[in-house]
Amino acid sequence: PDPKSPVVPAADGYVAIPNVALPPARENTYRAIFDATHAADKPAQLVPALNMAGSELNALAVAHVPMEKAKFVVVFHGLAVDGILDEAHYKAKFGIGNPNLKTIAEMKKQGVEFYVCGQYLAGEKIDPKTLVPDVTVRQAGRGGENIDIRGERKAAVRVLVDGIPLEDPYYG
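Residues numbered from 1 in each chain as written. Predicted model: local features only at pLDDT ≥ 70, side-chain atom pairs only at ≥ 80, totals over all residues. Heavy atoms only, no water.

Relative to each other, helix α1 (residues 48–62) and helix α3 (residues 100–109) sit at 40°, their axes nearing to 11 Å. In terms of orientation, α1 lies oblique with respect to α3. Between α1 and α3 the crossing geometry is left-handed. Residues L50, A53, G54 and L57 of α1 lie in contact with α3, whose contacting residues are N100, I104 and M107. Partitioned by chemical class, the residues of the contact of α1 with α3 number five nonpolar, two polar and no charged. (Axes fitted to C-alpha atoms, helices over the stretch in contact; angles between N-to-C directions. Helix = DSSP H or I, 4+ residues; strand = E, 2+ residues; numbered from the N terminus. Parallel < 35°, antiparallel > 145°, perpendicular 65-115°, else oblique. Left-handed = near helix turned anticlockwise from the far one by under 90°. Contact = heavy atoms within 4.5 Å. Nonpolar A, V, L, I, M, F, W, Y, C, P; charged D, E, K, R; others polar.)

As structure tokens, then:
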């Protein structure tokens with residue numbers, strides 16, 4: 001069967017495989033932080049972390065998991081920040097419209113929260129006014145990002161960088 005992308009059409013789709021060991025369960029709540037550090041390979045492509053988060057939303061939707069059970073956060077810093085430039089600034093930099101904006105809007109409707117590292121913006125002298133308004137600037141603390149998901153302690157939320165677990169350098 002063909003992959004389905006019912007929630008975020010620009011992101012990778014999902015193929016439901018029958019009789020798998022651990023299929024998505026409707027009663028579970030899925031919490032994830034997607035650390036957006038890499039830019040897209042080409043300006044017309046999605047930032048990889050947006051594609052990853054969008055594909056996970058698609059997977060949950062295909063499995064009939066209610067979207068309110070997805071508690072996702074995307075944090076931008078590094079070269080991925082180009083992906084959250086507003087339309088005018090993206091077009092000035094790359095010569096085309098920003099392909100990430102529609103995806104961000106679709107994901108925001110599903111409750112995904114978007115943040116950008118204020119320390120990165122300050123260090124690179126990026127004016128927050130050049131970014132899409134759907135992304136909130138956060139202050140860094142302890143040399144890392146502070147992420148809050150309503151109802152959860154920071155220690156209860158696993159952070160993935162490009163799909164790899166990131167251990168908190170402060171707590172080891």
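So, about α1. Between its first and last C-alpha, α1 extends 21 Å over 15 residues, near the 21 Å set by a 1.5 Å rise per residue. With respect to burial, α1 is a largely interior element, 12 of its 15 residues being buried. Residues of α1 that are buried: A49, L50, N51, A53, G54, S55, L57, N58, A59, L60, A61 and V62. Those residues of α1 that are buried lie in contact with β1 (30–36), β2 (70–76), α3 and β3 (113–117). Trailing α1 by a residue or two, H64 shows a phi angle of about 65°, which is positive. (Expected span 1.5 Å × (residues − 1). Buried < 20%, exposed > 50% of the residue type's maximum accessible area, 1.4 Å probe, protein only.)

Attention now moves to the nonpolar core. Core analysis: the biggest nonpolar cluster contains 34 residues, and L57, V74, F76, I84, M107 and F114 have the highest contact counts within it. Taken together, the elements giving at least two residues each to this core come down to β1, α1, β2, α3 and β3. Per-element accounting of this core gives the leading share, six residues, to α1. L57 has contacts with V7, V8, M67, A70, F72, M107, Q110 and V112, leaving out every residue within four places of it along the chain. (Core = buried A, V, L, I, M, F, W, Y, C linked by side-chain atoms within 4.5 Å.)

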